[in-house]
Amino acid sequence: MIEYIGVNDHKIDLFEGQYKVKNGMSYNSYVIIDEKIAVLDTVDRNFSNEWLVNLESKLDGRIPDYLVIHHMEPDHSANIKIFMDKYPNACIVSSVGAFNMMKNLFKTDFSPNKLVVKENDVLDLGNHKLIFISAPLVHWPEVMFSYDSYEKVLFSADGFGKFGALDVEEEWDNEARRYYSGIVGKFGKNVLNVLKKASSLEIKKIYPLHGPLLEDNLSHYISLYEKWASYQPEEEGVVICYTSVYGNTKNAVELLKDKLNELNKKYELFDLSRDDSSEALSTVFKYDKVVLATTTYNGTIFPAMKEFIDLLVEHNFQNRKVALIENGMWAPTANKVMTSLLEGCANLDIISNITIKGSLDEANEKDIIDLANNL
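It should be emphasised that the depicted structure is a prediction, and the values quoted were computed from it without experimental measurement.

Next up on the list: the sheet that holds strand β1 (residues 2–4). The 6 strands are arranged β1-β6-β7-β8-β9-β10 in an open sheet whose pairing can be described as mixed. Unpaired on one side and paired on the other, β1 and β10 (114–116) mark the two borders of the sheet. The mean inter-strand angle of the sheet, taken between neighbouring strand axes irrespective of direction, is 25°. In this sheet, β10 lies alongside strand β9 (residues 91–94) in parallel orientation, the contact comprising 3 bridges. Within the sheet, the bridge partner assigned to I92 lies in β10 and is K114. With respect to the sheet, helix α1 (residues 48–59) is in contact with β1, β6 (30–33) and β7 (37–40), its orientation differing from that of β6 by roughly 15°.

Structure, rendered in structure tokens:
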């Protein structure tokens, strides 16, 4: 049988030092109890004792034979040494890349207690047999998934992960999209490759390293992952991302918002100086159109917009329609700068360039109404 032995973290404020997680995080770990016992991954170092207690409560006095490490990021691997100190005869099972990282993190690769596995290798536990699937750069290079052919479970490492602790009820899509877009989103091609491999398997459950254990409606989660990984929008809608110094650029996007409301067009609005950039990035992954509005600033663009466009480029933003709005009192250059920065993105259709000099005039208002209609 497969037992959950993970933990919930409600003390964390920023995951990976940057993502706000108001509902905490889960660090998922599992134990498969069969003729032989395999523990799957560890948890964050702040929860060592809780994790070991959870493990011992499932062992019923038995001793683990294996510790399987799918991913070496410290929120999953930090307790490898503590585990090996407690169970010195256990064998660590992981990829060659993971063992190289163990040398960096623990100054040992735990030889001779190590078993290197690769694509299609099998760990036989009795009824349960773990088949390993190489998943490089989802989202680190050493990552492996595994598949339990007995209970038809895909152990998906950080794939299908989600922000939020397991003792908090919340809708899956939004926080899973924010997790995906921020952490995995750069590596869409790699995600599609491993999804293709997994498509030949009969999967009844998906157990990730973060977020809920997925046991129903798997087609919904897999379909979303395929869209995110191929950078295709989930639905029609407009994401308006802006910065404004004295309120005039804000007035422009408020007018656009009002016109979109009149047209019953779905939109979301983000003030990049104040709103969470990971929320904005996640929403860009959701919709098919983006409006970027900012001021000319020091001959380039306002810093928060520059940072956001860098984020888009870094996460392979593509396959969208984009409208640009610039504001500059005497020498507006923001649209030119934004266009240049976006050259690093594939398959963008820039459908509009609007220039405001200071405050809105009648021509600007007409341009924005036209843009609303085009969107």
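Closest axis-to-axis distance for the helix α5 (residues 172–184)/helix α9 (residues 277–286) pair is 8 Å, and the angle between their directions is 100°. The angle between the axes of α5 and α9 places the two elements in the roughly perpendicular class. Contacts between α5 and α9 involve N174, E175, R177, R178, Y180, S181 and G182 from the first element and S278, E279, L281, S282, F285 and K286 from the second. Grouping the amino acids of the contact of α5 with α9 by side-chain chemistry returns 3 nonpolar, 5 polar and 5 charged.

Taken together, V245, Y246 and Y297 make up a surface patch of nonpolar side chains, about 360 Å² in accessible area. Within the secondary structure layout, Y297 lies in strand β18 (residues 287–297).

A few words now on the nonpolar core. Counting residues in hydrophobic clusters, the biggest one holds 89 residues, and the most contacted among them are F15, I80, F83, M102, F145, L292 and F308. Discounting residues that sit within four places of it in the chain, F145 has contacts with H70, I131, F132, I133, A135, V138, L154, F155, S156, A157, G159 and V194.

As paired strands, strand β11 (residues 122–124) and strand β12 (residues 129–134) are joined by 3 bridges and run antiparallel to one another. Paired with V122 across the two strands is I131, which belongs to β12. Between β11 and β12, which pair antiparallel one after the other, the connecting turn spans 4 residues, and G126 there sits at a positive phi close to 130°. Judged from the 5 bridges that link them, β12 and strand β13 (residues 144–148) form a sheet pairing that is antiparallel. Opposite L130, over in β13, you have D148 as the bridge partner.

Right, let's talk about the environment of E254 for a bit. Along the chain, the position of E254 falls in helix α8 (residues 248–262). Since its relative accessible area comes to 23%, E254 is described here as partly exposed. For E254 and L213, which are 41 residues apart along the polypeptide, the C-alpha to C-alpha distance reads 41 Å.

So, about the packing of aromatic side chains. Inspection of the entire model under this criterion finds 21 aromatic pairs. For the ring pair W172 and Y221, a centre distance of 4.6 Å and an interplane angle of 70° mean the geometry is edge-to-face. Here the residue W172 occupies a position in helix α5, and Y221 occupies one in helix α7 (residues 218–229), the gap between them amounting to 49 residues. For the pair W172 and Y221, one class covers both residues: buried.

This part covers the environment of G211. Along the chain, G211 falls in the loop between β15 (205–207) and α7. When the C-alpha positions of G211 and H71 are compared, they lie 16 Å apart, and in sequence the two are 140 residues distant. Each residue touching G211, except ones within four places of it in the same chain, is listed here: S26, N28, K162 and L166.

Conventions used here
- Residues numbered from 1 in each chain as written.
- Predicted model: local features only at pLDDT ≥ 70, side-chain atom pairs only at ≥ 80, totals over all residues.
- Heavy atoms only, no water.
- Pairing = 2+ DSSP bridges.
- Helix = DSSP H or I, 4+ residues; strand = E, 2+ residues; numbered from the N terminus.
- Axes fitted to C-alpha atoms, helices over the stretch in contact; angles between N-to-C directions.
- Contact = heavy atoms within 4.5 Å.
- Parallel < 35°, antiparallel > 145°, perpendicular 65-115°, else oblique.
- Nonpolar A, V, L, I, M, F, W, Y, C, P; charged D, E, K, R; others polar.
- Patch = residues over 30% accessible without salt bridge, like charges linked within 9 Å, V, L, I, M, F, W, Y side chains within 5 Å.
- Areas by Shrake-Rupley, 256 points an atom, 1.4 Å probe, with all protein chains shown as cover.
- Salt bridge = Lys/Arg side-chain N within 4 Å of Asp/Glu carboxyl O.
- Core = buried A, V, L, I, M, F, W, Y, C linked by side-chain atoms within 4.5 Å.
- Buried < 20%, exposed > 50% of the residue type's maximum accessible area, 1.4 Å probe, protein only.
- Phe/Tyr/Trp six-rings, centres within 6.5 Å; stacked < 30°, edge-to-face > 60°.

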